[in-house]
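Chain and residue survey
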Amino acid sequence: MSIYELDPVEAITLAAVGEPGHRQFFLMASGQGRTLTLSCEKAQIQALIVRLHQMMEAQGIEVEGQAASSRRLQPGEPEWQVAEMGLGYHAERVASEAAGTEESAATPSGDDAPSVRFWLNHRQIADFSKQAEEVLSAGRPLCPRCGLPMDPAGHPCPANNGARPIF
Ligand SMILES: [Zn+2]
């Protein structure tokens, strides 16, 4: 398995594309003159944020994240779909590894899977986890009448006509 090292990472950000409730998530990192876009699942990012917080606590990293200052990147064509994410701590920096899967079912799993290691400092870790949290929580607003998630175009509100919600 070949591992590409993005070292140092200049910017890392999470982007969500699409309608609320049907959003696609992209992990983007730039460095060394290129921007890498990886397609990922919401649950993978949620798990990553939890592990980042645990690592920051374990390492005594006390940096306040500033999501607002993070650079916005536009998602390009994803290089691969993230299958696994890992974290490591080395020489006061965090390496987040995102491995993909080959599309072909004929490829034995893990053999030719592309993988990238993002090298991040404490500040980048804090900023990224805050920014990613904000993207994840920026889902559908709740309906003030029934408390269910609402699409921008509205929704069939059960408080309106007594009908049961579709979702
Ligand atoms: Zn409603």
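Whatever comes next refers back to the structure up there.
Residues numbered from 1 in each chain as written. Predicted model: local features only at pLDDT ≥ 70, side-chain atom pairs only at ≥ 80, totals over all residues.

We now examine the overall build of the chain. When helices and strands are counted, the chain shows 3 helices and 7 strands. If you list the helices and strands of the chain from N to C, you get β-β-β-β-α-β-β-β-α-α. Within the chain, residue pairs in contact and separated by at least 24 positions form 58% of the contacts whose partners lie at least 6 positions apart. (Helix = DSSP H or I, 4+ residues; strand = E, 2+ residues; numbered from the N terminus. Contact = placed C-beta atoms within 7 Å.)

What follows is about the pairing of strand S6 (residues 93–100). Burial along S6 is one-sided: the face carrying Val94, Ser96, Ala98 and Gly100 is buried and the face carrying Arg93, Ala95, Glu97 and Ala99 is not. By the bridge criterion, 8 bridges tie strand S5 (residues 80–90) to S6 in an arrangement that is antiparallel. In the sheet register, Leu87 faces S6, and the bridge partner there is Ser96. What sits between the antiparallel neighbours S5 and S6 is a turn of 2 residues, in which Ala91 has the positive phi angle 50°. (Buried ≥ 20, exposed ≤ 12 C-beta atoms within 10 Å, placed from the backbone. Pairing = 2+ DSSP bridges.)

Within soluble globular proteins, side chains that are nonpolar generally end up buried alongside one another. The biggest cluster of nonpolar side chains holds 26 residues, and the ones touching the most others in it are Leu27, Ala29, Leu38, Cys40, Phe118 and Leu120. Those residues in contact with Leu27 that sit more than four places away from it in its chain are Leu14, Leu38, Cys40, Val82 and Ala98. (Core = buried A, V, L, I, M, F, W, Y, C linked by C-beta atoms within 7 Å.)

Moving on, we get to helix H1 (residues 42–58). Compared with the 24 Å implied by 1.5 Å per residue over 17 residues, the 24 Å span of H1 between its first and last C-alpha is a close match. Looking at the buried side of H1, the elements it contacts are strand S2 (11–17), strand S3 (24–31), strand S4 (34–40), S5 and helix H2 (122–137). Directly beyond the C-terminal end of H1, a positive phi value near 65° is found at Gly60. (Expected span 1.5 Å × (residues − 1).)

Right, let's get into the environment of Gln24. Mapped onto the fold, Gln24 is located in strand S3. Overall, Gln24 belongs to the partly exposed group, with 14 C-beta atoms counted inside 10 Å. Expressed as a C-alpha distance, the spacing of Gln24 and Lys42, which sit 18 residues apart in the sequence, is 8.0 Å. Excluding anything up to four places from it in sequence, Gln24 contacts Val17, Gly18 and Ser39.

Once that is clear, we can look at the sheet that holds S5. Strand order in the open sheet formed by 7 strands is S1-S7-S6-S5-S4-S3-S2, and the pairing between neighbours is mixed. Two strands close off the open sheet at either side, each with one partner strand: strand S1 (3–6) and S2. Strand-to-strand twist of the sheet, defined as the mean angle between neighbouring strand axes without regard to direction, takes the value 30°. Bridge analysis of S4 against S5 gives 2 bridges, and the strand direction is parallel. Pairing of Leu38 across the sheet is with Trp80, part of S5. The strands touched by H1 are S2, S3, S4, S5 and S6; relative to S5, the strand with the most contacts, the crossing angle is about 0°. (Axes fitted to C-alpha atoms, helices over the stretch in contact; angles between N-to-C directions.)

Taking 1.5 Å of rise per residue, 16 residues should cover 22 Å, and H2 covers 23 Å from first to last C-alpha, within 8% of that figure. What H2 keeps buried is the set Gln124, Ile125, Ala126, Asp127, Phe128, Ser129, Gln131 and Ala132. The secondary structure elements touched by the buried residues of H2 are S2, H1, S6 and strand S7 (115–120).

Looking now at the packing of H1 against H2. Contact pair H1 / H2: the axes reach a minimum separation of 10 Å and the direction vectors enclose 145°. Here H1 and H2 pass one another in a crossing that is left-handed. The segment H1 lies against H2, with Lys42, Ile45, Gln46, Ile49, Leu52, His53 and Met56 engaging Ile125, Ser129, Ala132, Glu133 and Leu136. (Left-handed = near helix turned anticlockwise from the far one by under 90°.)

Let us look at unusual backbone geometry. Along the chain, Asp7 connects to Pro8 via a cis peptide bond; the corresponding omega equals 0°. Of note, Pro8 is situated in the loop between S1 and S2. Unusually for a residue other than glycine, Gln32 sits at a positive phi of about 50°. Within the element layout of this structure, Gln32 appears in the loop between S3 and S4. Not every positive phi belongs to a glycine, and Glu92 is a case in point at roughly 65°.

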